[in-house]
Amino acid sequence: MKPVSPRVTELLNNALTLELTVINGYFLSARMLDNWGLPHLGKAFYDLSIGEMNDADELIQRILMFDGHPNVQKMNAIQVGETPEEMLQLAIDSELGAIAQFNGGAQECHDLGDHATALFFEEMARDEESHADWFESQLDAITRLGAQNYLAQHVDPSSRPS
Amino acid sequence: MIVCQCNVVSDRDVRAAVDAGARTVAQVCRGTRAGTDCGGCVFTVRRVVCQHVEDIQSSLVEVDSEAS
């Protein structure tokens, strides 16, 4: 099936580029947090990474439905935090960037008359909003509790060497 | 944060290179080795360099205005 405009597949591919970037960024953050002994926070990043991978899957399928070619080679530059707080801040920045990009995509699709793809972008924007909000709450908690108290909640005292 | 994943160069390393006298993105890359492998981070490096140079300049302006 052909899209109303080639711009639609371009927008979907741009979104795919963004998703592929955050998948890798979150995944590395997850494993770095595990390595620092903070598996609970690591699990949150791990789950988000897998969630974004599902988004990438849906984007790939939609691009293919429009007889386009999903560009899985292209990624934006990755920035990895060197502390848990920096990871959370960078995650907020990237989620806010994603929300802006997806809202822009939705608007363009509405203007082109492709309301289904617009809705697809809107749903992704809402997902990213909830992620941004979660990250923001974590930084709020750090402000209230102090980084050490916050991070103490993310260790796993029951873990033993395997 | 780590900006160059290939050679593990942080934004602090980039700013330190500027503080040590590097004045162009190319000089920063040569000095820190950031962006010298896949090159995917050069725009990030440029952003960090420009921001830092701007910060240095605005702090100089502040010093000037305080002194006058």
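Quick caveat, the model's predicted, so the values are computed rather than measured.

As for the overall build of chain A
Move 1: When you go through chain A residue by residue, the secondary structure sums to 5 helices and 0 strands.
Move 2: The contacts in chain A between residues at least 6 apart in sequence include a share of 75% that link residues at least 24 apart.

Structural notes on helix 1 (residues 11-19) of chain B
Residue and element names in this part refer to chain B.
Move 1: Taken as a whole, helix 1 has its buried residues at Asp11, Asp13, Val14, Ala17 and Val18. Relative to the axis of helix 1, the buried residues are bounded by an arc of 160 degrees and lie together on one face.
Move 2: In the core, the buried residues of helix 1 are packed alongside strand 1 (2-4), strand 2 (9-10), helix 2 (25-32) and helix 3 (42-67).

Concerning the interface of chain B and chain A
Interfaces are often described in size by the accessible area the parts lose on coming together.
Move 1: With 9 residues of chain B at the interface, the matching set in chain A holds 8 residues.
Move 2: Among the secondary structure elements, those contributing two or more residues to the side of chain B that touches chain A are strand 1 and helix 3 of chain B.
Move 3: For the side of chain B that touches chain A, the per-class residue count stands at 5 nonpolar, 4 polar and no charged.

Some remarks on the nonpolar core
Residues and elements named next belong to chain A.
Move 1: Counting 31 residues, the largest nonpolar core has Leu12, Ala15, Leu16, Phe45, Leu59 and Phe121 as the members making the most contacts within it.
Move 2: Elements that contribute at least two residues to this core include exactly helix 1 (6-35), helix 2 (39-65), helix 3 (84-112), helix 4 (115-145) and helix 5 (147-152).
Move 3: Considering each element in turn, this core owes the most residues, 12 residues, to helix 1.
Move 4: Not counting residues within four places of it along the chain, the set of residues in contact with Phe45 comprises Tyr26, Ser29, Ala30 and Leu33.

Remarks on the UniProt feature "domain: BFD-like [2Fe-2S]-binding" (unreviewed entry) in chain B
Move 1: Per the UniProt entry, the sites bearing "domain: BFD-like [2Fe-2S]-binding" (unreviewed entry) are residues 2-48 of chain B in this numbering.
Move 2: The span residues 2-48 of chain B shows a helical share of 51% and a strand share of 11%, and its end C-alpha atoms are spaced 12 Å apart.

Digging into the packing of helix 1 of chain B against helix 2 of chain B
The geometry of a pair of packed helices is captured by two quantities: the angle between their axes and the separation between those axes.
All names here are of chain B.
Move 1: Contact geometry of helix 1 with helix 2 gives a least axis separation of 9 Å together with a crossing angle of 115 degrees. The angle between helix 1 and helix 2 falls in the class roughly perpendicular. The handedness of the crossing between helix 1 and helix 2 is right-handed. For the pair helix 1 and helix 2, the contacting residues are Asp13, Val14, Ala17 and Val18 in the first and Val28, Gly31 and Thr32 in the second.

Basis of the calculations
- Residues numbered from 1 in each chain as written.
- Chains lettered and ligands numbered in written order.
- Predicted model: local features only at pLDDT ≥ 70, side-chain atom pairs only at ≥ 80, totals over all residues.
- Helix = DSSP H or I, 4+ residues; strand = E, 2+ residues; numbered from the N terminus.
- Contact = placed C-beta atoms within 7 Å.
- Buried ≥ 20, exposed ≤ 12 C-beta atoms within 10 Å, placed from the backbone.
- Arc of directions from axis to C-beta.
- Nonpolar A, V, L, I, M, F, W, Y, C, P; charged D, E, K, R; others polar.
- Core = buried A, V, L, I, M, F, W, Y, C linked by C-beta atoms within 7 Å.
- UniProt positions renumbered as here; feature names shortened; annotations may be inferred.
- Axes fitted to C-alpha atoms, helices over the stretch in contact; angles between N-to-C directions.
- Parallel < 35°, antiparallel > 145°, perpendicular 65-115°, else oblique.
- Left-handed = near helix turned anticlockwise from the far one by under 90°.

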